[in-house]
Amino acid sequence: MRIGTLKETYIADAALFDSRTQKAWLAVAAALLVLFPFMASDYWLYLACLVSINVASSAGLNILTGYTGLVSLGQAAFMGLGAYTVAILQAKVGTPFLLNILAGGVVAMLGGIVVGVPSLRVKGLYLAIATIAASFIAHFLFANLQFTGGTGGLSVPPASLFGMPLDTSFRLYWLIVPVTILMLLGAANLFRTRIGRAFIAIRDRDISAEVLGIPLLRYKLLSFGLSSFYAGVAGGLWAYFFRVVTPESFPLLMSIFFLAAIIVGGMGSILGGILGAVFMTMVPELLKLVFDLLPNSTEYTVFLSPVRTIIFGLLIIGFLVFEPHGLAEVWRRIRRFFHLWPFRN
């Protein structure tokens with residue numbers, strides 16, 4: 001049983017993976033991610049890509065809400081900014097797809113900084129309302145500006161790598177999953193730095209953080225910017241994945257989806273953002289598969305959708321009631337149990 005770890009250097013203390021067990025599990029996970037697309041069907045590859053996009057956006061929202069304590073319901077709007085940027089650059093300029101995705105993140109980051117300005121004066125529910133207003137403004141712009149294609153939206157040509165179009169779920173998997181992994185590693189390392197610790201201090205008590213010399217406006221805007229950058233990159237990946245971008249692609253309900261994901265997964269935890277996004281994406285699909293297996297399911301098609309929605313909602317409420325710290329805390333308890341069970345009386 002691992003009781004503790006002795007750190008003899010600052011480098012060892014700052015290491016992201018500090019044990020052989022963690023490194024071994026990381027190697028196993030990397031091997032599974034590499035082998036998965038060769039064994040999975042198109043349906044599961046589609047879900048894997050969609051889960052990866054949602055994980056990337058949830059990680060960004062967790063930076064803002066989970067670690068900095070700033071509630072936002074505008075994540076879908078920032079994803080829209082990234083998606084439209086990628087669509088315009090890919091269709092009308094023809095720049096490389098990696099540059100397009102980066103540009104989508106930067107445009108969304110600028111939008112997030114603008115939206116984050118009220119965060120110095122308002123917080124909690126009032127800040128959430130401000131971000132909702134930003135979401136409606138973004139939707140209005142998407143639907144009425146000429147270069148965004150209006151209500152009809154834009155078609156996105158496939159990304160290409162060395163002349164090979166990335167036009168299937170199998171090929172897009174090798175773009176979406178590595179980008180998501182890099183974003184998760186960046187988020188994990190962020191909170192081992194001074195900036196990440198400042199975010200946590202603001203979340204715990206912003207007045208005390210200001211007394212300690214942390215400039216609140218600067219770091220709140222930085223948190224909004226980083227969160228929106230993640231959303232913009234996720235939106236760019238979304239545009240390449242679905243190949244069409246419309247104003248209805250990023251409704252307010254999508255922002256609620258991501259907020260629910262980090263709540264269910266566990267706020268203030270990188271693992272929580274991952275587990276929450278996987279839960280919110282996969283559970284409706286699994287419920288659909290279960291209902292499809294029922295006898296005479298076609299006769300009750302009208303009732304299946306609301307029943308799935310009700311069951312899904314009850315699962316979310318169950319987590320909020322019985323495990324408010326989310327799936328990440330459930331996983332920690334499981335780990336502690338299996339570390340300790342041989343020594344129990």
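Above this text sits the structure in question.
Quick notes on the rules
Residues numbered from 1 in each chain as written. Predicted model: local features only at pLDDT ≥ 70, side-chain atom pairs only at ≥ 80, totals over all residues. Heavy atoms only, no water. Helix = DSSP H or I, 4+ residues; strand = E, 2+ residues; numbered from the N terminus. Buried < 20%, exposed > 50% of the residue type's maximum accessible area, 1.4 Å probe, protein only. Contact = heavy atoms within 4.5 Å. Areas by Shrake-Rupley, 256 points an atom, 1.4 Å probe, with all protein chains shown as cover. Axes fitted to C-alpha atoms, helices over the stretch in contact; angles between N-to-C directions. Parallel < 35°, antiparallel > 145°, perpendicular 65-115°, else oblique. Left-handed = near helix turned anticlockwise from the far one by under 90°. Expected span 1.5 Å × (residues − 1). Arc of directions from axis to C-beta. Patch = residues over 30% accessible without salt bridge, like charges linked within 9 Å, V, L, I, M, F, W, Y side chains within 5 Å. Salt bridge = Lys/Arg side-chain N within 4 Å of Asp/Glu carboxyl O. Phe/Tyr/Trp six-rings, centres within 6.5 Å; stacked < 30°, edge-to-face > 60°. Nonpolar A, V, L, I, M, F, W, Y, C, P; charged D, E, K, R; others polar. Polar contact = N/O pair within 3.5 Å; in protein donor to acceptor, adjacent residues only side chain to side chain. Core = buried A, V, L, I, M, F, W, Y, C linked by side-chain atoms within 4.5 Å.

### Some words on the overall build of the chain
Next up, step 1: Of regular secondary structure, the chain possesses 14 helices and 4 strands.
Next up, step 2: Buried positions account for 43% of the 345 residues belonging to the chain.
Next up, step 3: Taking the intrachain contacts of the chain between residues at least 6 apart in sequence as the baseline, contacts between residues at least 24 apart amount to 76%.
Next up, step 4: Accessible area of the chain: about 18500 Å², with a carbon and sulfur share of 70%.

### Thoughts on the environment of Gly60
Next up, step 1: Summarising the element assignment, Gly60 is placed in helix 3 (residues 42-67).
Next up, step 2: Judged by its relative accessible area of 0%, Gly60 is buried.
Next up, step 3: As a C-alpha pair, Gly60 and Phe258 span 198 residues in sequence and 9.8 Å in three-dimensional space.
Next up, step 4: Here Gly60 is in contact with Gln75, Ser227 and Tyr230, once residues within four sequence places are set aside.

### Examining the packing of helix 3 against helix 7 (residues 169-190)
Next up, step 1: It is at 9 Å that the axes of helix 3 and helix 7 come closest, and there the two elements cross at 25°. Taken together, the axes of helix 3 and helix 7 are roughly parallel relative to one another. In this structure, helix 3 meets helix 7 at a crossing whose hand is left-handed. Only Ser169, Phe170, Leu172, Tyr173, Ile176, Val177, Thr180, Met183, Leu184, Ala187 and Leu190 of helix 7 make contact with helix 3, whose side of the interface consists of Asp42, Leu45, Tyr46, Ala48, Cys49, Ser52, Ile53, Val55, Ala56, Ala59 and Ile63.

### Considering helix 5 (residues 97-116)
Next up, step 1: For helix 5, built from 20 residues, the straight-helix expectation of 28 Å at 1.5 Å per residue is met to within 8% by its first-to-last C-alpha distance of 28 Å.
Next up, step 2: Listed in full, the buried residues belonging to helix 5 are Phe97, Asn100, Ile101, Gly104, Gly105, Ala108, Gly111, Gly112, Val115 and Gly116. Down the axis, helix 5 shows its buried residues gathered within 145° of arc, on one side only. In helix 5, those exposed residues whose orientation departs by more than 90 degrees from the buried face are Leu110 and Val114.

### A few points about a nonpolar patch on the surface
Next up, step 1: On the surface, Ile310, Leu314, Ile317, Leu320, Val321 and Phe322 cluster together to form a nonpolar patch covering roughly 660 Å² of accessible area.
Next up, step 2: The topology assignment puts Ile310 in helix 13 (residues 301-322).
Next up, step 3: The class of Ile310 is exposed, set by a relative accessible area of 53%.

### With respect to helix 11 (residues 252-265)
What sets the pattern is the α-helix's 3.6 residues per turn: residues three or four places apart point alike.
Next up, step 1: Under the 1.5 Å per step criterion, the end-to-end length of helix 11 is 20 Å for 14 residues, consistent within 8% with the ideal 20 Å.
Next up, step 2: If you check which residues of helix 11 are buried, you get Met254, Ser255, Phe258, Leu259, Ala260, Ala261, Ile262, Val264 and Gly265.
Next up, step 3: Positive backbone phi, at 125°, marks Gly266, one or two positions downstream of helix 11.

### Considerations on unusual backbone geometry
Next up, step 1: The backbone phi angle of Arg243 is positive, close to 65°, even though this residue is not glycine.
Next up, step 2: Looking at the secondary structure, you find Arg243 in the loop between helix 10 (216-242) and strand 4 (244-245).
Next up, step 3: Owing to a relative accessible area of 32%, Arg243 belongs among the partly exposed residues under this scheme.

### Here's the deal with the pattern of salt bridges
Next up, step 1: In total, this model carries 4 salt bridges according to the counting rule given.
Next up, step 2: Across the salt bridge formed by Glu329 and Arg333, the nearest N and O atoms sit 3.6 Å from each other. With a gap of 4 residues between them, Glu329 and Arg333 both fall in helix 14 (residues 326-340), about one helical turn apart.
Next up, step 3: Look at Glu329 and you get buried, because its relative accessible area is 15%.
Next up, step 4: Judged by relative accessible area, Arg333 falls into the partly exposed class, the value being 45%.

### Thoughts on the packing of aromatic side chains
Next up, step 1: For the structure shown, the criterion picks out 15 aromatic pairs.
Next up, step 2: Ring centres of Phe199 and Tyr219 lie 6.3 Å apart, and the angle between their planes is 80°; this geometry places the pair in the edge-to-face category. Residue Phe199 is found in helix 8 (residues 194-204), and its partner Tyr219 is found in helix 10; the two are separated by 20 residues along the sequence.

### Points about the packing of helix 7 against helix 10
Next up, step 1: Here helix 7 crosses helix 10 at 175°, and the two axes come no closer than 10 Å. Accordingly, the angle class assigned to the pair helix 7 and helix 10 is roughly antiparallel. Residues Ser169, Leu172, Leu175, Ile176, Val179, Thr180, Met183, Gly186, Ala187 and Leu190 of helix 7 touch helix 10, and the partners they reach there are Leu226, Tyr230, Val233, Leu237, Tyr240 and Phe241.
Next up, step 2: Looking at the contact of helix 7 with helix 10, its residues break down into 13 nonpolar, 3 polar and no charged.

### What about the side chain of Thr131?
Next up, step 1: Relative to the helices and strands, Thr131 resides in helix 6 (residues 125-144).
Next up, step 2: Engagement of the side chain of Thr131 in a polar contact is seen with the backbone nitrogen of Leu73, the distance being 2.9 Å.
Next up, step 3: At 2.6 Å, the side chain of Thr131 and the backbone oxygen of Ala128 are in polar contact.
Next up, step 4: Apart from the residues within four sequence positions on either side, Thr131 is in contact with Val71, Ser72, Leu73, Gly74, Val115 and Phe224.

### Notes on the nonpolar core
Next up, step 1: Membership of the largest hydrophobic core comes to 77 residues, with the highest contact counts inside it found for Ile53, Met79, Leu175, Leu237, Tyr240, Val245 and Phe250.
Next up, step 2: Listed in part, the 11 residues of the second largest apolar core include Ala261, Ile316, Phe319 and Leu327.

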